[in-house]
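Chain by chain, the residues:
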Amino acid sequence: MIALVAGATRGAGRGIAVALGEAGHTVYCTGRSTRERRSEVDRPETIEETAELVDEAGGEGIAVAVDHLDPAQVRALVERIDADHGRLDVLVNDVWGAEHLFEWDTPVWEHDLDAGLRILRLALDTHLITSHHALPLLIRNPGGLVVEMTDGTAEYNASRYRNSIFYDLAKTAVIRLAFAQAEELAPHGGTAVAITPGWLRSEAMLEAMGVTEANWREGRNGGSFSSGGLAQEYGFTDVDGSRPDCWRYLVEVQDAGKPADATGYR
C-alpha cells in the first residue's frame, strides 16, 4: 500500500506514519522541517527522522520537503508518487503548524488578524490544495481512503466554543471537509473520514509538561483523577467486574437533568 502523510514532521502525523510503517506500507512523509531548514514552527523534529522511524517500524519511509500551501510543490509530489508507484491508497491530511499563531481566549476584534487568517490558510488551504492534486491519483483504484486530522468530533464542536474564532473555524471546517470529500469519493469507491486524537502525547506536549516519552506518566504528579477515568485507561475493574464512572454520570445524566440510567457508566 502507498500512503501519503501530509504533515508528518511530528505529533499525530508522525505517529500515523510510523503505524503505517508497522503495517509494512510505503509512506511518503512530507512537511517543511528538514535537517537543513526549520519551518516557522521552529521545532527540531524533521521529516527525515519520521521516514527513518517508518523504516525501523518495518515499512519504507520516504521524506519529501513540501510546503502544502504551494500548489506547484504539491503537484510535483503527487507526480513523483505516480511515477514511482502509479497509485495512492491512503492520504492523511495532517498539515497544521499554527499553534504559535494563536491568541487564546481572545475575541476576533482583538486577535491579530494576519495571524488569524494565516491559521485558516495553514489549517484549510493546505488540505484543500493537497486533496485537489492527490485525489485524482487516489481514485484511480477503488478503495482509497482520505483521513482528515482535526480536534474534536462534530458533535462536540457543534455545541462548544473552541477558545478562538480562528481555531473554532479551523477544526470544525476540517470535519466538514471530510464529509464533503466522502460525498465526492463515494462514486469512485473511496472513503473520507475525520479523526480526532484527543489529548495527544506529542513532542510539544511532552516538552510543555516537562517529561519525556520514557517518563510521561510523571506529568500527572499532583493532578486530580477519577477512579472511573483511570479504570478506562488502565483496564482495572471493581470487585463485580464493572467500571463505575460516577463523575461522568453526574455531568452527563444527573446534572443534565436526564432520567436516572446507569447504562454505559459501569
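Figured I'd write up the structure that's included with this text. Computed from a prediction, not measured in an experiment: that's the story for all the values here.

## Brief notes about the pairing of strand S3 (residues 60-65)
At step 1: Relative to S3, strand S2 (residues 26-31) runs parallel, the two being bridged by six bridges. Bridged to Val 27 within S3 is Gly 61.
At step 2: Between the parallel elements S2 and S3, the chain passes through helix H2 (residues 47-57) in a crossover that is right-handed.

## Considerations on a nonpolar patch on the surface
At step 1: The grouping of Val 108, Trp 109, Tyr 161, Ile 165 and Leu 169 at the surface amounts to a nonpolar patch, some 550 Å² of accessible area in total.
At step 2: Mapped onto the fold, Ile 165 is located in helix H6 (residues 165-185).

## Here we look at helix H3 (residues 71-85)
At step 1: Between its terminal C-alpha atoms H3 stretches 21 Å, which fits the 21 Å expected from 15 residues at 1.5 Å a residue.
At step 2: Where H3 is concerned, the buried positions are Val 74, Leu 77, Val 78 and Ile 81. Viewed along the axis of H3, the buried residues span an arc of 90°, placing them on a single side of the element.
At step 3: Of the residues flanking the start of H3, the one acting as N-cap is Asp 70, its side-chain oxygen 3.0 Å from the backbone nitrogen of Ala 72.
At step 4: In the segment just after H3, Gly 86 is the residue with positive phi, at about 70°.

## Observations regarding the pairing of strand S1 (residues 2-6)
Across a regular strand the side chains alternate sides, sitting on one face of the sheet and then on the other.
At step 1: Of all five residues in S1, five are buried; the element is thus mostly enclosed.
At step 2: Taking every second residue as pointing to the same face, both faces of S1 are buried, with Ile 2, Leu 4 and Ala 6 on one and Ala 3 and Val 5 on the other.
At step 3: For S1 and S2, the ladder comprises five bridges, and the chain directions are parallel. Note on S2: the bridge partner recorded for Val 5 is Cys 29.
At step 4: In this view, the connection linking S1 to its parallel neighbour S2 by way of helix H1 (residues 11-22) has right-handed handedness.
At step 5: Two strands pair when backbone bridges link them, and S1 and strand S4 (residues 90-93) are joined in this way by four bridges, in the parallel orientation. Within S4, the residue paired with Leu 4 across the bridge is Leu 91.

## Details of the packing of aromatic side chains
At step 1: All chains considered together, the criterion is met by six aromatic pairs.
At step 2: Taking the centre distance of 5.8 Å and the plane angle of 35° together, the rings of Trp 96 and Phe 102 count as tilted. In terms of burial, Trp 96 and Phe 102 fall into one category: buried.
At step 3: A centroid spacing of 5.1 Å and a plane angle of 65° characterise the contact between Trp 104 and Tyr 167, whose relative ring orientation is edge-to-face.

## A word on unusual backbone geometry
At step 1: Unusually for a residue other than glycine, Asp 105 sits at a positive phi of about 55°.
At step 2: Summarising the element assignment, Asp 105 is placed in the loop between S4 and helix H4 (113-138).
At step 3: Overall, Asp 105 belongs to the exposed group, its relative accessible area being 58%.
At step 4: A positive phi angle is found at Asn 163, which is not glycine, with a value near 75°.
At step 5: Following the sequence through the fold, Asn 163 ends up in the loop between helix H5 (154-158) and H6.
At step 6: Overall, the relative accessible area of 31% leaves Asn 163 in the partly exposed class.

## Let's talk about the side chain of His 133
At step 1: Tracing the backbone shows His 133 in helix H4.
At step 2: Relative accessible area serves as the criterion here: at 17%, His 133 is assigned to the buried category.
At step 3: Among all residues touching His 133, those that are not within four sequence positions of it are Pro 71, Val 74, Arg 75 and Val 78.

## Looking at the environment of Arg 140
At step 1: Here Arg 140 is to be found in the loop between H4 and strand S5 (145-149).
At step 2: Once the C-alpha coordinates of Arg 140 and Gly 189 are considered, the two residues, 49 residues apart in sequence, prove to be 9.8 Å apart.
At step 3: In this view, Arg 140 contacts Asp 82 and Gly 86; residues no more than four positions away in its chain are not counted.
At step 4: Reaching out from Arg 140, the side chain makes a polar contact with the side chain of Asp 82 at a distance of 2.9 Å.

## Section: H1
At step 1: Between its terminal C-alpha atoms H1 stretches 17 Å, which fits the 16 Å expected from twelve residues at 1.5 Å a residue.
At step 2: Those residues of H1 that fall on the buried side of the exposure criterion are Gly 11, Ala 12, Gly 13, Arg 14, Ala 17, Val 18, Leu 20 and Gly 21.
At step 3: Backbone geometry just after H1 places Gly 24 at a positive phi near 85°.

## Let's talk about the sheet that holds strand S6 (residues 191-195)
At step 1: Pairing is parallel across the open sheet formed by six strands, whose spatial order is S3-S2-S1-S4-S5-S6. The two strands at the open ends of the sheet, each matched to only one other strand, are S3 and S6. Strand after strand, the sheet turns through a mean of 15° between neighbouring axes, direction not considered.
At step 2: Each of S5 and S6 is contacted by H6, which is oriented at about 170° to S6, the strand it contacts most.

Rules of the game
- Every chain's residues receive numbers from 1 upward, in the order its sequence appears when written.
- Given that this is a predicted model, residues contribute local features only at a pLDDT of at least 70 and side-chain atom pairs are listed and counted only at 80 or more, while totals for whole chains, interfaces and linings are drawn from all residues.
- As a rule here, side-chain values cover all heavy atoms of the structure and leave hydrogens and water aside.
- For two strands to count as paired, DSSP must find a minimum of two bridges between them.
- The way it works is that DSSP assigns letters per residue, a run of H or I at least four long becomes a helix, a run of E at least two long becomes a strand, and they are numbered from the N terminus.
- When the strands point away from the viewer, a crossover counts as right-handed if the path from the first strand over the helix to the second runs clockwise.
- Patch membership requires over 30% relative accessible area and the absence of a salt bridge. Like charges are linked within 9 Å, and nonpolar side chains (Val, Leu, Ile, Met, Phe, Trp, Tyr) within 5 Å.
- The Shrake-Rupley method, run with a 1.4 Å probe, gives the accessible areas here. Residue values count only the displayed protein chains as cover.
- Any Lys or Arg side-chain nitrogen located within 4 Å of an Asp or Glu carboxyl oxygen qualifies as a salt bridge.
- What a helix is expected to span follows from its residue count: subtract one and scale by 1.5 Å.
- In this scheme, a residue with accessible area under 20% of its type's maximum is buried, one over 50% is exposed, and one in between is partly exposed, where area comes from a 1.4 Å probe on protein chains only.
- Comment: arc refers to directions from the helix axis out to C-beta atoms.
- What qualifies as a polar contact is a pair of N or O atoms within 3.5 Å, subject to a donor-acceptor requirement within protein and to the restriction that residues adjacent in sequence count only when both atoms come from side chains.
- Pairing of aromatic rings covers Phe, Tyr and Trp, the last counted by its six-membered ring, and requires centre-to-centre distances within 6.5 Å; plane angles under 30 degrees mean stacked, over 60 mean edge-to-face, and any other angle means tilted.
- Note on definitions: a residue-residue contact is assigned when non-hydrogen atoms from the two residues lie within 4.5 Å.
- Each axis is a line fitted through C-alpha atoms, and for a helix only the stretch in contact is used; angles between axes span 0 to 180 degrees, taken between their N-to-C directions.

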